[in-house]
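Working through the structure, step by step
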Amino acid sequence: RAVLDFEFKAPEWFEGEVWESQDPADIRDVLLLNNVSTIGMKQRPLLRSSQNISPDQLDAGVCMSDDSSSSFKAACLPSFLIIGAMKAGTGELAAWLEQSPLLRRYTNFANPNWHGEAHYFDYIRPGLIPLLFKRIDDVRARPKYESKDQLRTTHSFDKTPNYLLATEAQLEMMHRLLPSVRMIATLRNPTDRAFSQYQQECRQGFVLIGKSPAVKGRVVFARRPDWALHTAQRLGLANVSKEDFETATFPCSNDHFLAMLMGNGTGPDIDLSRSLAFRIISTGYYREQLDRVLALYPRKQLHVLLHEAFMHNPIAEMEKIEDFLGVPRMPYANMTRITDSGFIALKNVRSKADKLRYEKLSPSTREKLDRLYRPHNQGLLDFFDKEQLRKAWHISL
Ligand SMILES: Nc1ncnc2c1ncn2[C@@H]1O[C@H](COP(=O)(O)OS(=O)(=O)O)[C@@H](OP(=O)(O)O)[C@H]1O
């Protein structure tokens, strides 16, 4: 068994007081004075990289020091996760949380310089546990900790929106490794979310539009041009080549979005048999996704919020999140600005809401999507009041 610097104990969530502070610098002092760590751990386990480690020793926030280094270096498993939904302001939420001197966000596995998403649990990889530890004690892997004091007062988190789309098997793996992890899910009106994801795919050059007579009006998704061919062939369009398609340019039009949703356009309904439409649409089936998480984790480890409520009053939503995590309040009121598009954003962070926008979703497509999502949205009434959902999402339930 690994030698532990502190008594090893499965983390228990801290349910004590929440500290109020006007100055971010105070927060660290308060924690040091009170001699406690945040995010619920009274004692934070520290494993050593040179020891054999079993998965049973792991949990949210468990750290490992790098024994091959002469100075103290450690990396930690995430103490909490922003699990999704994709295109529901997860980047913004992570940026707000990162303002706290107590919280550090993960970089990517493959590229530690990319300040992005760790993607720990959205693949079933052979040998994930050795991989986790190869990374966790990798000195390049950030966030890294350079003193035990930092370990006591600072926690890491990961924002990977794909976790909300994780399969049962992936979630089981996550639960095995991080049974105490706290999770935050932010949900956006699924109709708006779908259009937003479509625009993202389009911005990234993954939406192809049929231009030759054989494929005129077809909209297909392809991370690479030759994939468009496979898609076209699956649709029964033989003898097409990649020259029959052109890459759509951002911003993508409502017409193409509708064509993508409707498949070959022969029926009155959205055609979910097609890969892009299905991928985009099913990402908004939030209730099913939350149920998969809650099949393994207790409800108290999950905080669910509405993106639109966050947009409207980010400080109020951040306070709820801070209470959920058990971290002290940040003085956000002094840290905000109003963006050109009228949203409240952080002064020192470039908000995604600043960037060039696309046209509004057409009312008739909105109606189709709202109808499709209605039963799924009704499933969210166990999480939100009817009025709250109606007000935020402008939908009937
Ligand atoms: N403060 C605020 N106000 C209004 N809208 C906001 C705000 N913050 C983020 N956003 C919108 O959230 C969308 C990006 O979500 P994500 O960061 O989750 O995207 S991603 O999944 O990580 O790619 C992206 O949506 P689209 O504009 O539809 O692309 C952002 O504009």
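Per chain, residues are indexed from 1 in the order of the written sequence. Per-residue local features of the predicted model are confined to residues with pLDDT of at least 70, and side-chain atom pairs are confined, for both listing and counting, to 80 or more; whole-chain, interface and lining totals are unaffected and use all residues. Excluding hydrogens and water, the side-chain values take into account all heavy atoms of the structure.

Digging into the packing of aromatic side chains
Cut-off, in case you're wondering: The aromatic pairing rule takes the rings of Phe, Tyr and Trp, using the six-membered ring of Trp, and pairs them if the centres are within 6.5 Å, calling planes under 30 degrees apart stacked, those over 60 edge-to-face and the rest tilted. Only runs of H or I of at least four residues qualify as helices and only runs of E of at least two qualify as strands under DSSP, and these elements are numbered from the N terminus. The buried label goes to any residue with under 20% of its type's maximum accessible area, the exposed label to any with over 50%, and the partly exposed label to all in between, with areas taken from a 1.4 Å probe on protein chains only.
Applying the stated criterion across every chain yields a total of eight aromatic pairs. Here the aromatic rings of Trp96 and Phe310 are separated by 5.7 Å at their centres, their planes lie at 80°, and the arrangement is edge-to-face. A residue pair is termed long-range when its members are at least 10 positions apart, and Trp96 in helix 2 (residues 90–98) and Phe310 in helix 11 (residues 307–312) qualify at 214 residues. With respect to class, Trp96 is no different from Phe310; both count as buried. Look at Phe195 and Tyr358: their rings are 5.4 Å apart centre to centre, the planes differ by 90°, and that puts the pair in the edge-to-face class. Taken together, the residues span a long stretch of sequence, with Phe195 in helix 6 (residues 190–203) and Tyr358 in the loop between strand 14 (344–346) and helix 13 (363–378) at a distance of 163 residues.

Topic: helix 14 (residues 386–393)
This is how the line gets drawn: Arc, as used here, means the arc of the directions from the helix axis to the C-beta atoms.
Regarding helix 14, the residues found buried are Leu389, Ala392 and Trp393. Buried positions in helix 14, seen along its axis, are confined to an arc of 80° and lie on one side of it. In the stretch just after helix 14, His394 is the one whose phi turns positive, near 50°.

Observations regarding the pattern of salt bridges
Think of it this way: side chains of opposite charge can pair up when their charged atoms draw near. Which entries qualify depends on this criterion: One speaks of a salt bridge when a side-chain nitrogen belonging to Lys or Arg is within 4 Å of a carboxyl oxygen belonging to Asp or Glu.
Counted under the stated rule, the structure contains eleven salt bridges. The partner of Glu117 in a salt bridge is Lys159, and the shortest N-O contact between them spans 2.8 Å. Of this pair, Glu117 sits in the loop between strand 5 (103–105) and helix 3 (128–136) while Lys159 sits in strand 7 (residues 155–159), and the two are 42 residues apart along the sequence. Judged by its relative accessible area of 16%, Glu117 falls in the buried class. For Lys159, a relative accessible area of 4% corresponds to the buried category. Across the pair Asp192 and Arg366 runs a salt bridge whose closest N-O atoms are separated by 2.8 Å. With a gap of 174 residues between them, Asp192 in helix 6 and Arg366 in helix 13 connect regions that are remote in the sequence. Beyond isolated ion pairs, a larger network of salt bridges with shared partners links Arg287, Asp291 and Asp382.

Examining the sheet that holds strand 10 (residues 219–221)
Either a parallel or an antiparallel arrangement is found when strands of a sheet pair, and the pairing is made through backbone hydrogen bonds. Stated precisely, the cut-off is as follows: Being paired, for any two strands, means DSSP has found at least two bridges between them. Each axis is a line fitted through C-alpha atoms, taken for helices only over the stretch in contact, and angles between the N-to-C directions span 0 to 180 degrees.
Here we have three strands laid out as an open sheet, ordered 10-9-11, and antiparallel in their pairing. Where the open sheet ends on each side, the last strands, each with one partner, are strand 10 and strand 11 (245–247). Between one strand axis and the next, the sheet turns by 35° as a mean value, whatever way the strands run. Sheet topology note: the strand 9 (residues 207–210)/strand 11 ladder contains three bridges and is antiparallel. Counterpart to Gly210 in the pairing with strand 11 is Phe245.

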